[in-house]
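Now for the letters of each chain:
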Amino acid sequence: QVQLVESGGGLVQAGGSLRLSCAASGRTNSSSTMGWFRQAPGKEREFVAGISWRGIRTTYADSVKGRFTISRNNAKNTVYLQMNSLKVEDTAVYYCASVPRVGVIPLVRSEYDYWGQGTQVTVSS
């Protein structure tokens, strides 16, 4: 089993920045693909960003491209999501997810095996 714990959420004004962290423990495997998802009230959980196991390849949802950056430090078993130029519509619970395989970065929730408990990000106008 892999445990994922997110941190770094909070309240920020529009235009501001936050950095989310996701620490993995348990049967961690650096050969895993990591992703960030988010879920706003009344909406489906949606893909935000993903990163390959070596951190060489990344992919982003169109809505965050150019504003968010995903990165990872395998020595620390941690993945990050740097969020800049935040908008009110970025308000959601953000979840970290992992799947113990390499290759194409999954974009759908069902392809990830492990999930964190989520961290709330609220962007005020």
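Calculation criteria
By convention here, each chain's residues receive numbers from 1 onward along its written sequence. At least 70 in pLDDT is required for a residue's local features to be given in this predicted model, at least 80 for side-chain atom pairs to be given and counted, and no such filter applies to totals for whole chains, interfaces and linings, which use all residues. Working from all heavy atoms in the structure, the side-chain values ignore hydrogens and water. With a 1.4 Å probe rolled over the protein chains alone, any residue whose accessible area is under 20% of its type maximum counts as buried; one over 50% counts as exposed, and the rest are partly exposed. Numbered from the N terminus, helices here are DSSP runs of H or I no shorter than four residues, and strands are runs of E no shorter than two. Pairing between strands requires that DSSP locate at least two bridges from one strand to the other. Two cysteine sulfur atoms make up a disulfide if the distance between them is within 2.5 Å. One side-chain nitrogen of Lys or Arg within 4 Å of one carboxyl oxygen of Asp or Glu is enough to make a salt bridge. Whether two residues touch is decided by their heavy atoms; if any such pair falls within 4.5 Å, the residues are in contact. Here, the term nonpolar core denotes a set of buried Ala, Val, Leu, Ile, Met, Phe, Trp, Tyr and Cys residues that are joined through side-chain atoms within 4.5 Å.

Draft legend 1. View of the pairing of strand S11 (residues 119-124). A one-sided burial pattern is seen for S11, the buried positions being Thr119, Val121 and Val123 and the unburied ones Gln120, Thr122 and Ser124. Bridge count between strand S9 (residues 92-99) and S11: three bridges; the pairing is antiparallel. Looking at the pairing, Tyr94 lines up with Thr119 of S11.

Draft legend 2. Fine view of the state of the cysteines. Throughout the structure, instances matching the rule amount to one disulfide. Shown here is the disulfide that connects Cys22 with Cys96, its sulfur atoms set 2.1 Å apart. Across the S-S bond linking Cys22 and Cys96, the dihedral sits near -80°, which makes this disulfide left-handed. With Cys22 in strand S3 (residues 18-26) and Cys96 in strand S9, this pair connects stretches of sequence that are 74 residues apart. Judged by relative accessible area, Cys96 falls into the buried class, the value being 0%.

Draft legend 3. View of the pattern of salt bridges. All told, the structure shown has five salt bridges when counted by the stated rule. Bridged by salt links that share partners, the residues Arg38, Glu46, Arg67 and Asp90 form one connected network.

Draft legend 4. Summary view of the side chain of Ser98. For Ser98, the location among the structural elements is in strand S9. Residue classification places Ser98 among the buried positions, given a relative accessible area of 4%. Leave out the neighbours within four places in its chain, and Ser98 touches Val2, Leu4, Thr33, Met34, Tyr112, Asp113 and Tyr114.

Draft legend 5. View of the nonpolar core. Of all hydrophobic cores here, the largest spans 26 residues; its most connected members are Trp36, Leu81, Met83 and Tyr94. Within the residue set of this core, elements represented by two or more residues are strand S1 (2-7), S3, strand S4 (33-39), strand S5 (46-51), strand S7 (68-73), strand S8 (78-83), S9 and S11. In terms of residue count, the dominant contributor to this core is S3 (four residues). Sequence-distant contacts of Met83, that is, excluding residues within four places in its chain, are made with Gly16, Ser17, Leu18, Leu20, Arg67, Phe68, Tyr94 and Val121. Within the second largest apolar cluster, six residues are counted, among which are Phe37, Phe47, Val99 and Tyr112.

Draft legend 6. Quick look at unusual backbone geometry. We note that Asn77 has phi near 50°; this positive angle belongs to a residue other than glycine. Residue position: Asn77 is located in the loop between S7 and S8. Residue class for Asn77 comes out partly exposed when judged on its relative accessible area of 30%. One non-glycine residue, Ser85, lies in positive phi territory at about 50°. With respect to the helices, strands and loops of the structure, Ser85 is situated in the loop between S8 and S9. Since its relative accessible area comes to 42%, Ser85 is described here as partly exposed.

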